[in-house]
2 protein chains.
Amino acid sequence: MTLSEIGRQAKDVSRILNNLGSREKNMGLEEAARALLEGEDEILNANEEDCEKAAQAGMSQGLLDRLRLTPARVNAMADGLLQVAALEDPVGEVLSMKQRPNGLLIGKKRVPLGVIAMIYEARPNVTADAFGLCFKSGNAVILKGGSDALCSNRAIVKCLREGLERAGLPVDAVQLVEDTSRETAKELMRLNEYVDVLIPRGGAGLIRTVVENSTVPVIETGTGNCHIYVDETADLNMALDIIYNAKTQRIGVCNACESLVVHRSVEKEFLPMLKKRLAEKEVEIRADEEARAIEPDFKAAAEEDWGKEYLDYILSLKTVDSIDEAIAHINRYNTGHSEAIVTSNYFHAQQFLNEVDAAAVYVNASTRFTDGEEFGFGAEIGISTQKLHARGPMGLKELTTTKYIIYGDGQIR
Amino acid sequence: MTLSEIGRQAKDVSRILNNLGSREKNMGLEEAARALLEGEDEILNANEEDCEKAAQAGMSQGLLDRLRLTPARVNAMADGLLQVAALEDPVGEVLSMKQRPNGLLIGKKRVPLGVIAMIYEARPNVTADAFGLCFKSGNAVILKGGSDALCSNRAIVKCLREGLERAGLPVDAVQLVEDTSRETAKELMRLNEYVDVLIPRGGAGLIRTVVENSTVPVIETGTGNCHIYVDETADLNMALDIIYNAKTQRIGVCNACESLVVHRSVEKEFLPMLKKRLAEKEVEIRADEEARAIEPDFKAAAEEDWGKEYLDYILSLKTVDSIDEAIAHINRYNTGHSEAIVTSNYFHAQQFLNEVDAAAVYVNASTRFTDGEEFGFGAEIGISTQKLHARGPMGLKELTTTKYIIYGDGQIR
């Protein structure tokens, strides 16, 4: 099937999904979950095939771990669908409705986006997760996963479609693009006739390629060069705990801390504490000259360190003289993801919240909380780092748009 | 100045605008309005220069009319700024705030987008309008108008900046790109480092170029292939009034009606009435075979007519057998702008509202109402026909984004 045919089918099905009630959608999700569990062996066999090929091709251990499925992971995928079924349906809510002086009654109603395309890497669990969120919010989804996960994705999508069929729902609500070439990816990025929104999920390279090449509206997700600023009035032990958590609890995630900004007046006391605490996880610190004058063991930071998302046990450290300087530094180098201040000063807390330009700005808490589940959305399809449409963790509501519905009795202008 | 420098200045200034209160912003708008009135002669002279050049270059009468400024039009620009000053400031509203089980208090706050770029054609009034809306919503704006209006735009932006200066506000809140080459336009479309959103305003060609070439997130505005469906139960006189209004009240606008869809059962009675009424404005009707069997004077519609935005005294006409067929036809050929049904049937009205995929869907009213002022937003920067971020008329709220502000007391994951 050509991409254009896939697109048209998705668009056609989106008209049907738009009209489904929550009960029908939940039934589809439940049947899809059941089909995943029943198809577990088939999924695991397909995944084994992917993993073998990838290992032979020399895939790194970290990526192989993301690719590999286990009975527990298949169970988690099925559970994920049931959790989404339990979430409130965002579609159909009328956000406002007002009568105009001419008698027109104008309402703003939440409706599905229509057709969502996802381009992602070799993480087969994204396949089921993305389907669940898109389906519950009334959208048809076109999935294009990484070539390394093709067998797994095929098996998973087959199960999802079987589930939909059993529930008497249109199977083309989820379609997999089996051609994993770059040309097809680029074609998908320009399928404006059928695709309403494109969401890339993966590393910085993938995101950049999509932003550069897509004519379909994109929601940019992911990269996070997250800072923690230790203010002159910070509770230093609290700062240590927050930094330790944000840097080391999980290093490969976009809400991990990558850079510290420290007020000069606390460095003498704080840097030795910091060095000791981060040594527990052998975190490398790349600092400016001033910090190195206090802790000569820190490595020297280069200019490029300030903008770097390490996704590793590395942290940059910048000394500042004031909160203004801290905010300016953060606004210059951050990626608009998550930023935190540790402070006891009320005015500094408020200033930081007001002036730092990011999706999520924290006072006295770890940046690791930027996450759909932690925010109470139940699930997320990604974390938007752009300002259009959605900013921060995107749940079901962020997969909808609105339309104006207008009731008249013959009004003309 | 290079575009990159313009971008950086805009970004720097956007940090200041983000912190301004409504009172300061309103003062800036009032001073800018005053400066426009004081600079009227200068603006009119500059505009005269533009108009002469354009006339020599053979610009059409219609475009010349859009380019030309008069004392009344300069007055209207100044008035527009005062009207925007009177609108409620959207910035700073906290849309929700909730405590999580771990004690984190998570709020969602409305904030400016940052830097907005506008690319538009030779309509100098857009210059003042765009500045007013962007400034009130706390955004810096980079304007790139058509080359034919360069002298006018220079004079207008000079006045706006004088007004800001008098109010003690940063003049770079509004900057004009004086290099009107295509290369510079393309560079602006890829200025992701500084520009948060790009809004094109103009004809279908301009919009397409921007969508095709931009890596900056775009809000697509404008093109409207708007339909009116005359249902079998329509009040035919009401239908006539609505069609006459939507087609002929102003032909060059995106919310004008371009296509009729008529239920077969009313055609015998309705088409002769329609022909007579639209003859008053010499509207050409391009119809399918069935309609032409009843009214042979109608011209024959070609396939390409169904998707056409005429912006002229021309209307296509399609016969259908059911509301389902009408909706399918509209969803296939529309541009997602404004669509209307004329009906007395409750269920048909609801079905049309639910199933037609467009920014604004009307029952028994003219499509001409899709407009920021008519919707009660006070002013609009354009009408979005995409589904991301904003759909339909965009007022001040649509020029903002949100950010999560999170209050903690040491929370870690």
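The rules behind these values
- Residues numbered from 1 in each chain as written.
- Chains lettered and ligands numbered in written order.
- Predicted model: local features only at pLDDT ≥ 70, side-chain atom pairs only at ≥ 80, totals over all residues.
- Heavy atoms only, no water.
- UniProt positions renumbered as here; feature names shortened; annotations may be inferred.
- Contact = heavy atoms within 4.5 Å.
- Buried area = accessible area lost by both parts, 1.4 Å probe.
- Salt bridge = Lys/Arg side-chain N within 4 Å of Asp/Glu carboxyl O.
- Polar contact = N/O pair within 3.5 Å; in protein donor to acceptor, adjacent residues only side chain to side chain.
- Helix = DSSP H or I, 4+ residues; strand = E, 2+ residues; numbered from the N terminus.
- Nonpolar A, V, L, I, M, F, W, Y, C, P; charged D, E, K, R; others polar.
- Pairing = 2+ DSSP bridges.
- Axes fitted to C-alpha atoms, helices over the stretch in contact; angles between N-to-C directions.
- Parallel < 35°, antiparallel > 145°, perpendicular 65-115°, else oblique.
- Left-handed = near helix turned anticlockwise from the far one by under 90°.
- Least-squares fit on C-alpha atoms with pLDDT ≥ 70 in both.

- In the nomenclature of an unreviewed UniProt entry, chain A is known as Gamma-glutamyl phosphate reductase of Candidatus Enterocloster faecavium.
- If you open the UniProt record of chain A and go to Subcellular location (unreviewed entry), you find "Cytoplasm".
- According to UniProt, the comment filed for chain A under the heading Catalytic activity (unreviewed entry) is "L-glutamate 5-semialdehyde + phosphate + NADP(+) = L-glutamyl 5-phosphate + NADPH + H(+)".

**Things to note about the interface of chain A and chain B**
The parts lose accessible area when they come together, and the size of an interface is often stated as this lost area.
Alright, step 1. Listed as interface residues are 75 residues of chain A and, on the opposing side, 75 residues of chain B.
Alright, step 2. Interface area, chain A with chain B, both sides summed: about 5900 Å², of which 50% is carbon and sulfur.
Alright, step 3. On the chain A side of the contact with chain B, Leu388(A), Tyr404(A) and Arg413(A) bury the most area, a combined 15% of that side's loss.
Alright, step 4. Run the count over chain A and chain B and you get 10 salt bridges.
Alright, step 5. Residues Glu398(A) and Lys108(B) are paired through a salt bridge, measuring 4.0 Å at the closest nitrogen-oxygen approach.
Alright, step 6. Joining chain A to chain B, the criterion identifies 53 residue pairs in polar contact (both at pLDDT 80 or more).
Alright, step 7. Contributions of two or more residues to the side of chain A that touches chain B are made by α1 (3-17), β2 (105-112), α9 (204-213), α10 (236-248), α14 (346-355), β13 (360-365), β15 (392-394) and β16 (400-411) of chain A.
Alright, step 8. When the residues that make up the side of chain A that touches chain B are grouped by side-chain class, the tally is 30 nonpolar, 24 polar and 21 charged.

**What about the sheet that holds strand β3 (residues 115-120) of chain A?**
All names here are of chain A.
Alright, step 1. Read across the open sheet, the four strands follow the order β5-β4-β3-β6; overall the sheet is parallel. Edge positions in the sheet fall to β5 (174-176) and β6 (197-201), since each has one partner strand and no second. Strand after strand, the sheet turns through a mean of 20° between neighbouring axes, direction not considered.
Alright, step 2. Both strand β4 (residues 140-144) and β5 contribute to a ladder of three bridges, which runs parallel.

**Regarding the packing of α10(A) against helix α11 (residues 264-279) of chain A**
Residue and element names in this part refer to chain A.
Alright, step 1. Interhelical geometry of α10 versus α11 gives an angle of 40° and a closest axis separation of 10 Å. Regarding the angle of α10 to α11, the classification is oblique. Here α10 runs over α11; the crossing is right-handed. Judged by residue contacts, Leu236, Asn237, Ala239, Leu240, Asp241, Ile243 and Tyr244 of α10 engage Val266, Glu269, Phe270, Met273, Leu274, Arg277 and Leu278 from α11.
Alright, step 2. For the contact of α10 with α11, the residue count by class is 10 nonpolar, one polar and three charged.

**Section: the relation of the copies chain A and chain B**
Alright, step 1. Taken as rigid bodies, chain A and chain B are interconverted by a rotation of 180° and an axial shift of 0.0 Å, the fit giving an RMSD of 0.0 Å. Here the two chains are linked by the operation of a two-fold rotation axis. Taking the C-alpha atom as reference, chain A places His389(A) closest to the rotation axis, 1.8 Å from it.
Alright, step 2. A shared interface surface links the copies, since 100% of the contact residues of chain A are contact residues in chain B too.

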